Amino acid sequence: MANWRELEKKYYMPTFNRVPVTLVRGEGCRVWDDNGRRYLDFVAGVAVTSLGHCHPVVAEAIARQASTLIHVSNLFYTIPQLQLAELLVENSCLDRVFFCNSGAEANEGAVKLARRYGQLHRHGAYEVISAFQSFHGRTLGMVAATGQAKMQQPYQPLPGGFVNVAYNSLAAIREATTEKTCAVLLEPVQGEGGVNVPADDYLKEVRQWCDRQGILLILDEIQTGIGRLGTLFAYEQYGVEPDIMTLAKGLGCGVPIGMVMCKEGASAFAAGEHGSTFGGNPLACAAGYATVKYILDNDICGHVRRVGRYLEDRLLELKGRHACVSQIRGRGLLLAVEFDREMAGQVLTACLEKGLLVNPFKPNALRLMPALTVSAAEIDEAVGILDGALSAVAV
Ligand code: PLP
């Protein structure tokens, strides 16, 4: 058998700190490595495989579409794209869609749309206010929007037109707003930056501020959307409606797809002003349609609310038993376990030995984001393994 780790070391750019496991197969919340070892997966491709690995409904839709029509470009009308557009518009507060291939690309599209809106309706305003500890993607523009110095520093100078301010502070947004501002870009709950849940009224206050100033509110729901927090979109839980919303990750259950959605009033693109070769192709949209339709038809959001609360309760019990756990935070099935020291890497190693995948997204914190279909029994199994790992590591 090939030594996959050596091949990676030799051929791949060293951009990733990979977990020392080569995964070859997945089913539901389980994956298997190249030695036949089975793992319970509480990473789900970083909040992507929303219905679990290789869900039969999604796999069947992909297989059917793959043998019917994969790609013809946006020079033509194609049916899966329009079916998915209708499904998402009819189940959200937004009116129009644009499909692309990833989260960063969706956010780039959203910022371009906001700039175009600024040109047309706000005397050429172009600046976008975003938050510290945010994460919006890896393109140069989205690195500028991502308020994290460690991601920005290697790529200076960054494109202009972005202002980073404190998260969860309306005062910071008010202070940064000028006649040049066209939009505020926020994650409803910050994902990569820490699973940071804002105060209940933060987004409402930001919405009111944007309305008063005539600027757009862009919600990046790439991690929080498609049921992850227990409603199809996170904005529903905060009593606000964005002007523009971006989606990716869980939308295609593992097939790359991204999306910009907007209200009619923010629909500022004209023909030729934005585009994508692959965006909205029949294969990706068939996967997206099967995923979202299944989530809606089977009240997967209700299930996420129930099992999310159960997972949070079980983690709070862990916190009670292990002094090294300093905080449990998050919503739905996006939860973080924070430690009082930098032990997340060791906890991952101990979990791996017992067959559990978790994401040490900070030196002192783990992120848990299993498939939306995870069962209470799988949660019990994961928490049991984590319990043992904490006992082994924090001695
Ligand atoms: N926005 C948010 C909130 C994300 O969590 C991510 C990815 O983690 C992105 C944007 C970037 O998405 P992608 O990696 O698909 O470009």
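No experiment lies behind these values; they were computed from the predicted model shown.

## With respect to the site of the ligand
Residues in close proximity to the ligand total 13 residues, the closest being Gly-103, Ala-104, Asp-220, Gln-223 and Lys-249. Here an oxygen atom of the ligand sits 3.1 Å away from a polar atom, N or O, in the side chain of Glu-192. One of the side-chain nitrogen or oxygen atoms of Asp-220 is found 2.7 Å away from a nitrogen atom of the ligand. The biggest single contributor to the shell around the ligand is helix α5 (residues 103-121), with 3 residues. Each residue belonging to the shell around the ligand can be placed in one class, and the counts come to 3 nonpolar, 6 polar and 4 charged.

## Observations concerning the pairing of strand β15 (residues 365-368)
What you see with β15 is no split at all: Ala-365 and Arg-367 on one side and Leu-366 and Leu-368 on the other are buried throughout. Across 4 bridges, the pairing between strand β12 (residues 334-339) and β15 is antiparallel. Pairing of Ala-336 across the sheet is with Arg-367, part of β15. Where strand β14 (residues 359-362) and β15 come together, 2 bridges link them in antiparallel fashion. Each residue of the ladder has a partner; that of Lys-362, found in β15, is Ala-365.

## Some remarks on the packing of helix α4 (residues 79-90) against helix α11 (residues 282-297)
Relative orientation of the contacting elements α4 and α11 amounts to 30°, with a least axis distance of 8 Å. Of the two possible hands of crossing, α4 and α11 adopt the one that is left-handed. In this structure, α4 uses Pro-80, Gln-81, Gln-83, Leu-84, Leu-87 and Leu-88 to contact α11, whose residues at the interface are Pro-282, Cys-285, Ala-286, Gly-288, Tyr-289, Val-292, Lys-293 and Leu-296. When the residues that make up the contact of α4 with α11 are grouped by side-chain class, the tally is 10 nonpolar, 3 polar and 1 charged.

## Some details on the sheet that holds strand β2 (residues 30-33)
Read from one edge to the other, the open sheet built from 4 strands follows the order β1-β2-β3-β13, with strand pairing classed as mixed. Where the open sheet ends on each side, the last strands, each with one partner, are β1 (23-27) and β13 (356-357). Where β1 lies against β2, 4 bridges are found, and the strand directions are antiparallel. Looking across to β2, one finds that Leu-23 is bridged to Asp-33.

## Digging into the domain arrangement of the chain
Segmenting the chain into domains produces domain 1 (4-55 + 299-393) and domain 2 (57-297). Contacts between domain 1 and domain 2 engage 29 residues on the former and 30 residues on the latter. Around 2500 Å² of area is buried between domain 1 and domain 2 when both sides are counted, 58% of it from carbon and sulfur atoms. On the surface where domain 1 and domain 2 come into contact, there are 2 salt bridges. Put simply, Arg-331 and Asp-200 hold a salt bridge, and the shortest N to O gap is 3.5 Å. A total of 4 residues in the side of domain 1 that touches domain 2 trace back to one element, the largest contributor, which is helix α12 (residues 300-321).

The rules behind each value
Residues numbered from 1 in each chain as written. Predicted model: local features only at pLDDT ≥ 70, side-chain atom pairs only at ≥ 80, totals over all residues. Heavy atoms only, no water. Near = heavy atom within 4 Å. Polar contact = N/O pair within 3.5 Å; in protein donor to acceptor, adjacent residues only side chain to side chain. Helix = DSSP H or I, 4+ residues; strand = E, 2+ residues; numbered from the N terminus. Nonpolar A, V, L, I, M, F, W, Y, C, P; charged D, E, K, R; others polar. Buried < 20%, exposed > 50% of the residue type's maximum accessible area, 1.4 Å probe, protein only. Pairing = 2+ DSSP bridges. Axes fitted to C-alpha atoms, helices over the stretch in contact; angles between N-to-C directions. Left-handed = near helix turned anticlockwise from the far one by under 90°. Contact = heavy atoms within 4.5 Å. Domains from an automatic or database assignment. Buried area = accessible area lost by both parts, 1.4 Å probe. Salt bridge = Lys/Arg side-chain N within 4 Å of Asp/Glu carboxyl O.

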